[in-house]
Amino acid sequence: MLVIKDLKVKVSDTDKVILDNFNLSINEGEVHVIMGPNGTGKSTLAKTILGHYKFEVECGDIEFYGKKLNSLSTDERAKLGIFLAMQDPTEIEGVSNSEFLRTALGEVSGSKVNLYEFITAIEKAYDDVSLNKDMLHRFVNKGFSGGEKKKNEVLQLKMLKPKLIILDELDSGLDVDSLKIVCKNINDYLKENKKASVLIITHYPRILDYLKPDYVHIMKNGNIKQTGDLSLASFVEKNGYDGINAVEERDLNE
Amino acid sequence: MNRITVGKNFSEEVYLDSKDSKYYIEVEENASLKVYHYAVDKSFEVEIHLKGENASVEYFYSTLNRKDNYFRIKVFHDVSNTKSNLVNHGVNILDKKLNFVVDGIIPKDVVGCVCSQDNKIMNLCEGKSSIAPNLLIDSHDNIANHSAYIGNFKEDVLFYLKSRGISQKIATKMLTLGFLVHDLENEEEIKDFLKYIDELS
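Residues numbered from 1 in each chain as written. Chains lettered and ligands numbered in written order. Predicted model: local features only at pLDDT ≥ 70, side-chain atom pairs only at ≥ 80, totals over all residues. Heavy atoms only, no water.

1. Overview of the environment of Leu131(A)
Residue and element names in this part refer to chain A.
Thinking step 1. The topology assignment puts Leu131 in the loop between helix H4 (115–128) and strand S8 (139–140).
Thinking step 2. Residue Leu131 is classed as buried on the basis of its relative accessible area, which comes to 7%.
Thinking step 3. Residues in contact with Leu131, not counting those within four places in the same chain, are Tyr126, Glu148, Lys151, Asn152 and Leu155. (Helix = DSSP H or I, 4+ residues; strand = E, 2+ residues; numbered from the N terminus. Buried < 20%, exposed > 50% of the residue type's maximum accessible area, 1.4 Å probe, protein only. Contact = heavy atoms within 4.5 Å.)

Have a look at this one:
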């Protein structure tokens with residue numbers, strides 16, 4: 001589904017390299033998690049997959065179902081079925097949630113959205129994520145709490161039905177109850193859409209109590225240092241990311 | 001010149017049709033006026049006098065611009081305890097000039113007024129725009145504030161919209177609509193203006 005080969009990414013108009021020799025492969029139906037300390041390039045990776053304007057691919061490829069994404073615009077990538085639930089969702093003054101979602105749905109599906117079907121689906125989605133339906137008429141993320149913004153992201157993915165979901169620090173700003181609600185919605189989505197995959201980006205293993213990964217990757221200095229299963233996340237929780245350093249050094253010495 | 005007077009104790013809401021290019025507005029004691037002024041490719045001069053105590057005006061100017069144009073508005077707080085709030089928004093579509101000159105005037109010995117202005121111009125191309133936000137306050141004990149912004153729609157906002165599959169063109173239309181239209185409840189009053197936004201490419 002998603003294949004990233006030898007990716008090198010720098011901040012646009014600078015020489016600052018964030019990702020270097022980064023490789024990752026995600027198949028249909030898999031849940032991957034990338035963990036790592038601050039400033040290691042996790043969010044850059046998420047944004048680069050969507051073609052964020054602040055980052056430039058120097059070399060390497062990102063492919064989605066065999067299609068090279070490098071030269072595609074952000075909306076073209078989203079239309080292919082990639083969804084990024086953002087760490088700090090942007091507030092958009094003057095654009096209501098309802099207008100935004102209806103437009104996005106029309107753009108992604110390529111057809112006119114039936115108003116009755118839209119209202120029925122979105123009201124259910126609001127109930128599912130425990131958000132007040134009045135928020136539909138408010139400006140996108142404007143005046144929302146941190147938790148409401150994250151729930152709004154999950155609501156959008158339920159409506160847009162992506163093939164690949166990227167969750168960038170979904171757990172930040174969420175209390176335990178809200179985290180359970182959003183993770184339940186994502187798990188329900190994955191049950192209904194067996195081929196959908198998830199890439200979770202996080203500092204903390206807490207989210208992994210609710211979203212079970214098939215693969216755990218530890219990222220440092222712009223690329224993946226170690227890959228394992230859920231036990232690797234437990235190792236990090238116990239020993240910190242410095243513990244991974246110790247393992248790396250030990251491996252080198254051996 | 002088109003003259004508008006709001007008599008004592010009246011409260012009015014008007015839509016300016018933009019047929020005239022000059023407006024002279026008077027608001028009398030205890031009267032309030034809300035103005036929605038939607039314009040496309042035209043220059044205007046507006047003079048407002050708050051003539052009686054507790055008179056207030058809210059003025060929403062929204063323009064779509066493709067030629068060299070200006071908008072000049074002056075609000076005179078002629079007496080104490082009057083209030084003005086000007087919200088001037090423009091979207092400059094091509095490489096032309098759009099200039100706002102916005103004066104809030106409180107003369108000597110007039111007190112207890114609120115004089116506010118918010119001015120923004122979005123340059124979608126390489127247009128040269130300017131804003132002169134002037135607060136000419138000759139007296140203490142008044143509240144006056146202004147803001148001025150010239151730029152484009154924020155890249156982060158465009159990225160967010162595009163990350164949901166919305167094209168640059170549609171995203172720009174949505175943001176233009178949200179930026180310029182303050183009162184979608186009265187769609188019929190501004191249907192021509194909405195048509196211009198819809199035709200943006």
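Still to come is the rest of the account.
2. Brief notes about the sheet that holds strand S2 (residues 11–16) of chain B
Residues and elements named next belong to chain B.
Thinking step 1. In space, the six strands of this open sheet follow the order S2-S4-S6-S8-S10-S12, with parallel pairing throughout. For this open sheet the edge positions go to S2 and strand S12 (143–151), each flanked by a neighbour on one side alone. When the angles between neighbouring strand axes are averaged without regard to direction, this sheet yields 5 degrees.
Thinking step 2. Bridge count between S2 and strand S4 (residues 32–40): six bridges; the pairing is parallel. Along S4, the bridge assignment pairs Leu16 with His37.
Thinking step 3. Where helix H2 (residues 168–180) meets the sheet, its contacts fall on S4, strand S6 (56–65), strand S8 (83–92) and strand S10 (114–123), and the angle it forms with S8 comes to roughly 160 degrees. (Pairing = 2+ DSSP bridges. Axes fitted to C-alpha atoms, helices over the stretch in contact; angles between N-to-C directions.)

3. Comments concerning the packing of aromatic side chains
Residue and element names in this part refer to chain B.
Thinking step 1. Enumeration according to the criterion identifies 11 aromatic pairs over all chains in this entry.
Thinking step 2. Seen from their ring centres, Phe71 and Phe100 are 6.0 Å apart, and the 75 degrees between their planes marks the pair as edge-to-face. Pair noted here: Phe71 is in strand S7 (residues 69–77) and Phe100 is in strand S9 (residues 97–106), with a separation of 29 residues, a long-range link.
Thinking step 3. Members of the aromatic cluster, joined through ring pairs, are Phe44, Tyr59, Tyr61, Phe71 and Phe100.
Thinking step 4. When the ring centre of Tyr160 is taken as reference, the NZ or CZ atom of Arg164 above it lies at 4.8 Å. (Phe/Tyr/Trp six-rings, centres within 6.5 Å; stacked < 30°, edge-to-face > 60°. Lys NZ or Arg CZ within 6 Å of the ring centre and 35° of its normal.)

4. Digging into helix H1 (residues 155–162) of chain B
Thinking step 1. Among the eight residues of H1(B), six are classified as buried, and the element is accordingly described as predominantly covered.
Thinking step 2. Those residues of H1(B) lying buried are Val157(B), Leu158(B), Phe159(B), Tyr160(B), Leu161(B) and Lys162(B).

5. As for unusual backbone geometry
Keep in mind that most residues, glycine aside, have a negative phi and that most peptide bonds are trans.
Thinking step 1. Phi at Ser130(A) takes a positive value of approximately 55 degrees, unusual for a residue other than glycine.
Thinking step 2. On the secondary structure map, Ser130(A) appears in the loop between H4 and S8.
Thinking step 3. Given the relative accessible area of 43%, Ser130(A) is considered partly exposed.
Thinking step 4. For Asp41(B), which is not a glycine, the phi torsion comes out positive at approximately 50 degrees.
Thinking step 5. Turning to its location among the elements, Asp41(B) is positioned in the loop between S4 and strand S5 (44–50).

6. Some remarks on the interface of chain B and chain A
Thinking step 1. The interface is formed by 17 residues belonging to chain B together with 31 residues belonging to chain A.
Thinking step 2. Of the roughly 2,000 Å² buried between chain B and chain A, counting both surfaces, carbon and sulfur atoms make up 69%.
Thinking step 3. Among the residues of chain B in contact with chain A, Phe159(B), Tyr160(B) and Arg164(B) are the three that bury the most area, contributing 40% of the side total.
Thinking step 4. Put simply, chain B and chain A have one salt bridge between them.
Thinking step 5. Arg164(B) serves as the salt-bridge partner of Glu153(A), at 2.7 Å between the closest nitrogen and oxygen.
Thinking step 6. Listed by contribution, the elements that provide at least two residues to the side of chain B that touches chain A are H1 and H2 of chain B.
Thinking step 7. By residue number, the principal contributor to the side of chain B that touches chain A is H1(B), which donates seven residues. (Buried area = accessible area lost by both parts, 1.4 Å probe. Salt bridge = Lys/Arg side-chain N within 4 Å of Asp/Glu carboxyl O.)

7. Observations regarding the sheet that holds strand S12 (residues 223–228) of chain A
Residues and elements named next belong to chain A.
Thinking step 1. Ordered in space as S6-S9-S10-S3-S11-S12, the six strands form an open sheet in which the pairing is mixed. Lying at the two open borders of the sheet, with one neighbouring strand each, are strand S6 (82–85) and S12. For this sheet, the mean inter-axis angle between neighbouring strands, taken without regard to orientation, is 20 degrees.
Thinking step 2. With five bridges joining them, strand S9 (residues 164–168) and strand S10 (residues 197–202) adopt parallel strand pairing. Paired with Leu167 across the bridge in S10 is Ile200.
Thinking step 3. Along the sheet, helix H1 (residues 42–49) makes contact with strand S3 (31–35), S6, S9, S10 and strand S11 (215–220), crossing S10 at roughly 145 degrees.

8. Points about the packing of helix H5 (residues 146–160) of chain A against helix H6 (residues 176–192) of chain A
Residues and elements named next belong to chain A.
Thinking step 1. Between H5 and H6, whose axes approach to 10 Å, the crossing angle comes to 10 degrees. Between H5 and H6, the interaxial angle falls into the category roughly parallel. Touching Lys151, Val154, Leu157 and Lys158 of H5 are Ser178, Ile181, Val182, Asn185, Ile186 and Tyr189, all from H6.
Thinking step 2. A per-class count over the contact of H5 with H6 returns six nonpolar, two polar and two charged. (Parallel < 35°, antiparallel > 145°, perpendicular 65-115°, else oblique. Nonpolar A, V, L, I, M, F, W, Y, C, P; charged D, E, K, R; others polar.)

9. Topic: the confidence of the model for chain B
Thinking step 1. For chain B, per-residue confidence averages 94 on the pLDDT scale, and 100% of positions sit at 70 or higher.
Thinking step 2. Averaged pLDDT values for the elements of chain B fall to 87 in helix H3 (residues 191–198) of chain B and rise to 98 in S7(B). (pLDDT = per-residue confidence, 0-100.)

10. Some remarks on the pairing of S3(A)
Residue and element names in this part refer to chain A.
Thinking step 1. Burial analysis of S3 places five of its five residues in the buried class, which makes it a mostly covered element.
Thinking step 2. With burial as the criterion, each face of S3 is covered, one bearing Val31, Val33 and Met35 and the other bearing His32 and Ile34.
Thinking step 3. When S3 meets S10, the two strands line up parallel, connected through five bridges. For His32, the partnering residue across the bridge sits in S10 and is Leu199.
Thinking step 4. Here S3 pairs with S11 via four bridges, running parallel. Of the residues in S11, the one forming a bridge with Met35 is Ile218.

11. Considering H4(A)
Residues and elements named next belong to chain A.
Thinking step 1. For H4, which comprises 14 residues, the first-to-last C-alpha distance of 20 Å matches the rise-based estimate of 20 Å (1.5 Å per residue) to within 8%.
Thinking step 2. By the burial criterion, the buried members of H4 are Phe118, Ile122, Ala125 and Tyr126. The buried residues of H4 occupy one face: seen down the axis, they fall within an arc of 100 degrees. Opposite the packed face of H4, turned more than 90 degrees from it, sit the exposed residues Tyr116, Glu117 and Lys124.
Thinking step 3. Against the buried residues of H4 lie helix H3 (97–109) and H5.
Thinking step 4. Taking the backbone nitrogen of Tyr116 as reference, a side-chain oxygen 2.9 Å away marks Asn114 as the first, capping residue of H4. (Expected span 1.5 Å × (residues − 1). Arc of directions from axis to C-beta. Polar contact = N/O pair within 3.5 Å; in protein donor to acceptor, adjacent residues only side chain to side chain.)

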